[in-house]
Amino acid sequence: MSNLAIYEIQADLCKAMGNATRLEIVHLLRNGAMKVGEIVEACGYEQTTVSRHLGILRNAGVLSVVG
């Protein structure tokens, strides 16, 4: 893998983590998996907002789908 490809991966990760809502979600998930509804209840965002941010984190490789 070239250095440029590595930098692109790192930049994508920084973009994914460069949002306060996504950081809050990652913080909530640090102790283990949660259902979307549990995240919604814990942080107070709309389900569509949480789902969208979870998708961004998953696509960036920060999260994976469990079960």
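Residues numbered from 1 in each chain as written. Predicted model: local features only at pLDDT ≥ 70, side-chain atom pairs only at ≥ 80, totals over all residues. Heavy atoms only, no water.

Details of the nonpolar core
Grouped burial of nonpolar side chains is what soluble globular proteins tend to show. Test applied: What makes a nonpolar core is a set of buried Ala, Val, Leu, Ile, Met, Phe, Trp, Tyr and Cys residues whose side-chain atoms join them at distances within 4.5 Å. The rule is simple: take the accessible area with a 1.4 Å probe, protein chains only, and divide by the maximum for that residue type; under 20% is buried, over 50% is exposed, in between is partly exposed. The numbering of helices and of strands both runs from the N terminus, where a helix is a DSSP run of H or I of at least 4 residues and a strand a run of E of at least 2. Should any heavy atoms of two residues lie within 4.5 Å, those residues are counted as being in contact.
Judged by nonpolar contacts, Ile-25, Leu-29, Ile-39, Cys-43, Val-50, Leu-54 and Leu-57 together constitute the single largest core of 7 residues. The set of elements that each furnish at least two residues to this core consists of helix 3 (36–43) and helix 4 (47–59). It is helix 4 that contributes the most residues to this core, 3 residues altogether. When neighbours within four sequence positions are excluded, Val-50 is seen to be in contact with Ile-25, Val-36, Ile-39, Val-40, Cys-43 and Tyr-45.

Describing the pattern of salt bridges
Close approach of charged atoms allows side chains of opposite charge to pair. Formally: A carboxyl oxygen of Asp or Glu within 4 Å of a side-chain nitrogen of Lys or Arg is what we treat as a salt bridge.
Across all of its chains, the model carries 1 salt bridge by this definition. The residue Asp-12 makes a salt bridge to Lys-15 at a minimum N-O spacing of 3.6 Å. With Asp-12 and Lys-15 both in helix 1 (residues 3–17) and 3 residues apart, the pair spans about one turn of that helix. With a relative accessible area of 39%, Asp-12 lands in the partly exposed category.

Description of the environment of Leu-54
By the element assignment, Leu-54 lies in helix 4. Between the C-alpha atoms of Leu-54 and Tyr-7, which are 47 residues apart in sequence, the distance is 23 Å. Residues in contact with Leu-54, not counting those within four places in the same chain, are Ile-25, Leu-29, Val-36, Ile-39 and Leu-63.

Some points on a nonpolar patch on the surface
Defined as follows: The patch calculation keeps residues exceeding 30% relative accessible area without a salt bridge and links them within 9 Å when they carry like charges or within 5 Å when they are nonpolar (Val, Leu, Ile, Met, Phe, Trp, Tyr). Throughout, the Shrake-Rupley method with a 1.4 Å probe supplies accessible areas, and for residues the shown protein chains are the sole cover considered.
Where nonpolar side chains cluster on the molecular surface, the patch consists of Met-1, Leu-4, Ile-6, Tyr-7 and Ile-9 and spans about 570 Å² of accessible area. Among the secondary structure elements, Leu-4 is positioned in helix 1.

Remarks on helix 2 (residues 20–28)
Cut-off, in case you're wondering: It is the directions from the helix axis to the C-beta atoms that the arc portrays. Polar contacts here mean pairs of N or O atoms no more than 3.5 Å apart (in protein, one a potential hydrogen donor and the other a potential acceptor; neighbouring residues in sequence count only if both atoms are side-chain atoms).
Along helix 2, the residues classified as buried are Thr-21, Arg-22 and Ile-25. For helix 2, the angular spread of buried residues about the axis comes to 95°, placing them on one side. For helix 2, the N-terminal cap is Asn-19; the gap from its side-chain oxygen to the backbone nitrogen of Thr-21 is 2.9 Å.

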